[in-house]
Amino acid sequence: MAIEVGTFGPATGVVTAAPPAVPDALERETVARGREYRSLMRKWWFGASIGVVTMVMSYPWLFPVLREWFPRESAQLWWVWAGMGVASLAVLAYSGNQFFTGAWQGLRHRSANMHTLIAMGTGIAWVYSTIALLVPELFPASEYTEVYYDVTVVVTALVVLGLAMELRAKGRTSDAIKKLIGLQAKTARVVRDGQEIDVPVEAVAVGDLVVVRPGEKIPVDGEIADGASALDESMVTGESMPVEKRVGDDVIGATINRTGAFRFRATRVGKDTALASIIRMVQDAQGSKVPVQRIVDVVSGYFTPAVAILAILGFMAWYTFGPAPALVYALIVAVTTLIIACPCALGMATPMSLTTGVGLGALNGILIRGGEALQTAQKLQTIVLDKTGTITHGKPVLTDVVVAGPFPEDELLRLAGGVEKSSEHPLAAAIVEAAVARGLALPDAEAFNAVPGHGIEARVDGRSVLLGNLKLMRDREVPVGTLEAEALRLSDEGKTPMYVAIDDKPAGIVAVADTVKADSREAIRALSAMGLEVVMMTGDNERTARAIAREVGVERVLSEVLPEDKAAQVQMLQLEGKTVGMVGDGINDAPALAQADVGFAIGTGTDVAIAASDITLIKGSLRGVVMAIQISRATMLGLPVALGALYPVFGILLSPLLAALAMSFSSVTVIANANRLKRWKPKGLPRRAEA
Amino acid sequence: MTWDTIVVNAVGLALIAFIVWFFWLVKTKGARAALTSGGYQEQMVLVKGGYTPDAIVVERGKPVRLNFVRQESAACSEMVLLPAFGKSANLPEGETVAVEFMPAEPGEYEFSCQMGMLRGRVIVEA
């Protein structure tokens, strides 16, 4: 059986699962970034220390002692300035070398970039100063012959500092990914040849039996084969309560086993695990683009040459029409324009905020597919919620037992459970489950007869039991009496009542309903508070729909919607001019999810729905929708801030030094925004994270 | 208007004309991607201050593999985006990173760094 050996490779000692390549590449990137950062910081300190001296010595007449030592137009001052010229050349060559090499390489590709601008700005200032120093007789008056070495040095130093800050901020955005990778277990205890042995997690293959003890991490995804336990899945789903797991339940790699010991069969390993796909999704988001960025792209292709043209026009205008000394002013204007227009913050802010936002989502159990979804989520005006499985658990449970005869509640339930045990109706399962949960031993039913559209009849414990709707009772001439009013009340509450008759006498009502998830109400309230219109969509009849809507506080209800019409309903809302988000879980929701501007899939739902959605809520709670929209709003808020810092008006006569400062500052803004996002907490939702 | 302002303005206008011509009007011809035995149209792209070559000519309907090699440490170029084909890739310094896509429609498609400062074109011929 060669095939089997191949499938279960590790049994023969062959390792088939490839180790995830992610941590390695990330590690190298971190090292490379660290090296680049330290190099930039050395350049900054070199530039900054020379910059301080240069600034002071450019204006010695402003300082009491220096004024006497180095008077204007003295030979001493000339020598000091000459020294500054040499020192600033050193700064250009060392701290600023990447600008010149970058500019040169760019020019060879007929492209201009930020390096071109900085190189031109600082280079022009240096050349002008040097000419003024060496051949002052070229200039008409002495006020033209001042030097601008301070501009050269300080601008270079500040821009280098800005680059270093950028790099540091970028490193932080990958924190989310690192954190996720850190969740991975390092080793797994698997059963091989009847023995438990520890192997690296990479060596676990699909089909392996893995042993997990209390307090240990689940190494890979799988299905419990024996044993039971409570698992802490908060790191993957955001769910803070431990989740009970039994034989047959799925377990997720990287979650922590709390109470019991169990063994599970590995179903997904390596890059196929849930954690690996989350990591991949976060990484993908890094490269995804948003509409804002597209505009930036179009602009930046023309940007740099346009800035150069603008600088030349500025020079011409100031030289022709400006006040004396026109040459000096014209030069300052041109250099300032070149330096202030550096688009680095513009290009950086968008991807950085996006990555931070997506990472933040991932840490809260919200998978955001790409930047577009993140950007659109904050514009949503209407949220359409599928009822079954989204607002509710999607599974009927027993809600009421009404007693109207000699039989006590438990006896009624026991007999009803006995009848329903043989039924395949989904509502039957709810009654059986409730009876079992109360510790009732269910008797077996005989002479079982299902009456389609009416209910069932059977003999249990020697008694004849009828269970069904009013029609069944009327058919069998069972007087329901006051029970009918009870039944009406229950159906008004959105429940499905079923009459129970024992030995042809009315015994009571059992009612089942698809109950509302504990936090649906607060999530819907939070959505309304955020100014969103909440719409509930369901295939249920109007009455049931209204009952649920009242319970959770939804005003607009679309009831009796056929599965195939769901997408059309979403489109109708879009035609009203709304930006529509759709939340759903089922296969029948998939078209509507794709139609919506942003589709949210409940992660406990079907794979099809998840594939059709833009955002997946791993934890099956509507709180995720609230958080996703809040994250989106927080993220997109950061963009205008960063963009705004870039263009503090094309400051005519804003000094080149201030221009460089503004540039560095825009980098700081970006970092501040990333930090702001990191401190983000959901608003309007109670702390409790129970679903 | 004195002679010096005339000279300054004339030089300025000439510079502007040069910039427009140099950056926008001249189009490079582009390198034709070589067809390999695997059926891919392959082209090595050097990433250093820009993309060399920055125009790549390919045929439609045959898969294209661009092998990017980044030989600089500046963070500017650490990612390449091909928005038209929905592709992006991180370019660790000194490593060859392959980006594959299928050119379905003839036309010119841009690729760029994450900031859109470095640019190149894929020219898909019918």
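No experiment lies behind these values; they were computed from the predicted model shown.

**Student:** How would you sum up the overall build of chain B? Please name residues and give values.
**Tutor:** If you tally the helices and strands in chain B, you get 1 helix and 11 strands. When the helices and strands of chain B are listed from N to C terminus, the series reads α-β-β-β-β-β-β-β-β-β-β-β. A burial count over chain B gives 47% of its 126 residues as buried. Summing over all exposed atoms, chain B offers an accessible surface of approximately 6,100 Å²; the carbon and sulfur share of this is 60%.

**Student:** Got a sec to walk through the overall build of chain A? Specific residues and values, please.
**Tutor:** When its secondary structure is counted, chain A shows 26 helices and 22 strands. Buried residues in chain A amount to 55% of all 691 residues. Taking contacts inside chain A between residues at least 6 apart in sequence as the whole, the part at least 24 apart equals 67%.

**Student:** Lay out the sheet that holds strand E2 (residues 195-200) of chain A with the relevant residues and their values.
**Tutor:** All names here are of chain A. Pairing in this open sheet of 6 strands is antiparallel, and the strands run E2-E1-E3-E9-E4-E7 from one edge to the other. Edge positions in the open sheet fall to E2 and strand E7 (250-251), since each of these has one partner strand only. Of the pairings in the sheet, the one linking strand E1 (residues 187-192) to strand E3 (residues 209-212) comprises 3 bridges and is antiparallel in character. Paired with arginine 189 across the strands is valine 211, a residue of E3.

**Student:** Just give me the short version of the packing of helix H19 (residues 483-492) of chain A against helix H21 (residues 542-552) of chain A, but keep the residues and values in it.
**Tutor:** All names here are of chain A. Interhelical geometry of H19 versus H21 gives an angle of 65 degrees and a closest axis separation of 8 Å. Across the interface between the two elements, Leu488, Ser491 and Asp492 of H19 pack against Arg543, Ala547 and Arg550 of H21. The residue makeup of the contact of H19 with H21, split by class, is 2 nonpolar, 1 polar and 3 charged.

**Student:** Quick one: what's the story with the packing of aromatic side chains, residue by residue and with numbers?
**Tutor:** This structure, assessed with the given rule, holds 15 aromatic pairs over all chains. Judged by centre distance (5.7 Å) and plane angle (50 degrees), the rings of A:Trp44 and A:Trp45 are tilted. Look at A:Trp44 and you get buried, because its relative accessible area is 15%. Note on B:Phe22 and B:Phe23: the rings are 5.0 Å apart at their centroids and 85 degrees apart in plane angle, and the pair reads as edge-to-face. According to the relative accessible area criterion, B:Phe23 is buried, its value standing at 18%. In this structure, B:Arg65 is placed above the aromatic ring of B:Tyr40, and the distance from its NZ or CZ to the ring centre is 3.9 Å.

**Student:** How would you explain the pattern of salt bridges if you had to name every residue and give the values?
**Tutor:** All names here are of chain A. Here the structure, examined in full by the defined rule, presents 27 salt bridges over all chains. With a shortest N-O distance of 3.0 Å, lysine 566 and aspartate 386 are connected by a salt bridge. In this pair, lysine 566 is assigned in helix H22 (residues 566-575) and aspartate 386 in strand E11 (residues 382-386), connecting sequence segments 180 residues apart. Just as lysine 566 is buried, aspartate 386 falls in that class too. Glutamate 533 is paired through a salt bridge with lysine 578; the nearest N and O atoms lie 3.3 Å apart. Of the two residues, glutamate 533 is situated in strand E18 (residues 533-537) and lysine 578 in the loop between H22 and strand E20 (580-584); the sequence distance between them amounts to 45 residues. Using a relative accessible area of 26% as the deciding quantity, one classes glutamate 533 as partly exposed.

**Student:** Describe the pairing of strand E3 (residues 41-47) of chain B, naming the residues involved and giving the relevant values.
**Tutor:** Residues and elements named next belong to chain B. Along E3, the buried face is formed by Gln41, Gln43, Val45 and Val47; none of Glu42, Met44 and Leu46, which line the opposite face, is buried. Where strand E2 (residues 34-35) meets E3, 2 bridges bridge the pair, whose relative direction is antiparallel. Counted as the bridge partner of leucine 35 is glutamine 41 from E3. Sheet analysis places E3 next to strand E6 (residues 64-70), joined by 7 bridges and oriented parallel.

**Student:** Just give me the short version of the side chain of A:Thr122, but keep the residues and values in it.
**Tutor:** All names here are of chain A. Tracing the sequence through the fold places threonine 122 in helix H6 (residues 114-134). In this structure threonine 122 comes out as buried when scored by relative accessible area, which is 2%. Within the local environment of threonine 122, its side chain forms a polar contact with the backbone oxygen of alanine 119, the two atoms lying 3.4 Å apart. Sequence-distant contacts of threonine 122, that is, excluding residues within four places in its chain, are made with Leu92, Phe100, Thr152, Val155 and Thr156.

**Student:** An account of the nonpolar core is requested, with residue identities and associated values reported.
**Tutor:** Residues and elements named next belong to chain A. In terms of nonpolar packing, the biggest core is built from 38 residues, with Ile383, Ile391, Phe600, Ile615, Val625 and Ile629 touching the most fellow members. Examining the composition of this core, we find that 6 residues originate from one element, helix H25 (residues 623-646), more than from any other. Once you skip the residues sitting within four places of it in the chain, isoleucine 391 turns out to touch Leu385, Asp386, Val516, Lys517, Ser520, Ile524, Met536, Ile548, Val552 and Leu622.

**Student:** For the environment of A:Gly389, give the residues involved together with the corresponding values.
**Tutor:** With respect to the element layout, A:Gly389 can be found in helix H15 (residues 387-391). Placed 126 residues apart in sequence, A:Gly389 and A:Thr515 show a C-alpha to C-alpha distance of 9.6 Å.

**Student:** Which residues make up the environment of B:Asn90, and what values go with them?
**Tutor:** Looking at where B:Asn90 falls in the secondary structure, it is placed in strand E8 (residues 87-90). When its relative accessible area of 36% is taken as the criterion, B:Asn90 is described as partly exposed. Counting along the chain gives 23 residues from B:Asn90 to B:Cys113, while the straight-line C-alpha distance between them is 9.9 Å. The contact partners of B:Asn90, leaving out residues within four places of it in the chain, are A:Glu29, B:Glu78, B:Met79 and B:Val97.

**Student:** Lay out a nonpolar patch on the surface with the relevant residues and their values.
**Tutor:** Residue and element names in this part refer to chain A. Among the surface-exposed residues, Trp78, Trp79, Val127, Ile131, Leu134, Val135 and Leu138 lie close enough to one another that they form a single nonpolar patch of about 690 Å² accessible area. Sorting the residues of the nonpolar patch by element identifies helix H4 (75-94) and H6 as the ones contributing at least two each. A per-element tally of the nonpolar patch places H6 first, with 3 residues. For leucine 138, the location among the structural elements is in the loop between H6 and helix H7 (149-173). For leucine 138, a relative accessible area of 62% translates into the label exposed.

**Student:** Tell me what's going on with the pairing of strand E11 (residues 119-125) of chain B, and back it up with residues and numbers.
**Tutor:** Moving residue by residue along a regular strand, the side chains alternate between the two faces of the sheet. All names here are of chain B. Burial analysis of E11 places 5 of its 7 residues in the buried class, the great majority of the element. Pairing of strand E5 (residues 55-59) with E11, which is carried by 5 bridges, proceeds in the parallel orientation. Residue pairing for E11: glutamate 59 is matched across the bridge by glutamate 125. For strand E10 (residues 107-113) and E11, the ladder comprises 6 bridges, and the chain directions are antiparallel. Paired with glycine 107 across the strands is valine 124, a residue of E11.

**Student:** Lay out the confidence of the model for chain A with the relevant residues and their values.
**Tutor:** Interpreting fine coordinate detail is not advised for predicted regions of low pLDDT. Residues and elements named next belong to chain A. Put simply, chain A has an average pLDDT of 76, and 74% of its residues get 70 or more. Ranking the elements of chain A by mean pLDDT puts helix H1 (residues 2-7) last, at 34, and E18 first, at 92. Every residue in residues 1-22 scores below 50 in pLDDT, and together they form 25 contacts with partners more than four places removed in sequence or on other chains. Counting contacts from residues 286-297, a segment whose pLDDT is below 50, to residues more than four positions away or on other chains yields 34 contacts.

Rules of the game
Residues numbered from 1 in each chain as written. Chains lettered and ligands numbered in written order. Predicted model: local features only at pLDDT ≥ 70, side-chain atom pairs only at ≥ 80, totals over all residues. Heavy atoms only, no water. Helix = DSSP H or I, 4+ residues; strand = E, 2+ residues; numbered from the N terminus. Buried < 20%, exposed > 50% of the residue type's maximum accessible area, 1.4 Å probe, protein only. Areas by Shrake-Rupley, 256 points an atom, 1.4 Å probe, with all protein chains shown as cover. Contact = heavy atoms within 4.5 Å. Pairing = 2+ DSSP bridges. Axes fitted to C-alpha atoms, helices over the stretch in contact; angles between N-to-C directions. Nonpolar A, V, L, I, M, F, W, Y, C, P; charged D, E, K, R; others polar. Phe/Tyr/Trp six-rings, centres within 6.5 Å; stacked < 30°, edge-to-face > 60°. Lys NZ or Arg CZ within 6 Å of the ring centre and 35° of its normal. Salt bridge = Lys/Arg side-chain N within 4 Å of Asp/Glu carboxyl O. Polar contact = N/O pair within 3.5 Å; in protein donor to acceptor, adjacent residues only side chain to side chain. Core = buried A, V, L, I, M, F, W, Y, C linked by side-chain atoms within 4.5 Å. Patch = residues over 30% accessible without salt bridge, like charges linked within 9 Å, V, L, I, M, F, W, Y side chains within 5 Å. pLDDT = per-residue confidence, 0-100.

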